[in-house]
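The chain contents come next:
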Amino acid sequence: MKILIVEDEREIVRFLELELRHEGYETEARFDGDSGLEAALTEDFDLILLDVMLPERSGLEILRRLRREKDTPAILVTARDSVMDK
């Protein structure tokens, strides 16, 4: 299974990659919205872990654009803690 991680916090990416690879998953990381969207649209992934707050393009915008062309499963992650955001 190949997972795309789109997250701007490199320490979080490092942790996720270590844990996912330990479980046998292949990972690829992007650190901003534009490169994350490009990878999601041009490559095939089984799952996308997508931060909501990203530089250049938000995770929600990436998901909207992605849904026009693909149905790759995505999990949105966020550090926001309000009930509305959750």
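Everything below is about the structure shown above.
First things first, this report covers the structure right here in the doc. (Residues numbered from 1 in each chain as written. Predicted model: local features only at pLDDT ≥ 70, side-chain atom pairs only at ≥ 80, totals over all residues. Heavy atoms only, no water.)

On a plain count of helices and strands, the protein chain comes out with three helices and four strands. Its C-alpha radius of gyration of 12 Å places the protein chain within 12% of the 12 Å reference for a compact globule of 86 residues. Viewed in the frame of its principal axes, the protein chain has a C-alpha envelope of about 35 × 30 × 20 Å. When each of the 86 residues of the protein chain is scored for burial, the buried share is 36%. Contacts in the protein chain between residues at least 24 apart in sequence constitute 62% of all its contacts with a sequence separation of at least 6. For the protein chain, the exposed area adds up to about 5,600 Å²; of that, 49% sits on carbon and sulfur atoms. Looking at charge distribution, the protein chain has the averaged site of its 13 positive side-chain charges lying 3 Å from that of its 22 negative ones. (Helix = DSSP H or I, 4+ residues; strand = E, 2+ residues; numbered from the N terminus. Rg over C-alpha atoms; globule rule 2.2 N^0.38 Å. Buried < 20%, exposed > 50% of the residue type's maximum accessible area, 1.4 Å probe, protein only. Contact = heavy atoms within 4.5 Å. Areas by Shrake-Rupley, 256 points an atom, 1.4 Å probe, with all protein chains shown as cover. Lys, Arg positive; Asp, Glu negative; His and termini not counted. Charge placed at Lys NZ, Arg CZ, Asp CG, Glu CD.)

Tracing the backbone through its elements, the reader meets Arg57 in the loop between strand E3 (47-51) and helix H3 (59-69). Exposure remark for Arg57: the relative accessible area of 17% places this residue in the buried category. A distance of 2.9 Å separates a polar atom in the side chain of Arg57 from a polar atom in the side chain of Asp34. Looking at Arg57, its side chain comes within polar contact range of the side chain of Glu61, at 3.0 Å. Excluding its chain neighbours within four sequence positions, the residues that come into contact with Arg57 are Gly33, Asp34, Leu37, Ile62 and Arg65. (Polar contact = N/O pair within 3.5 Å; in protein donor to acceptor, adjacent residues only side chain to side chain.)

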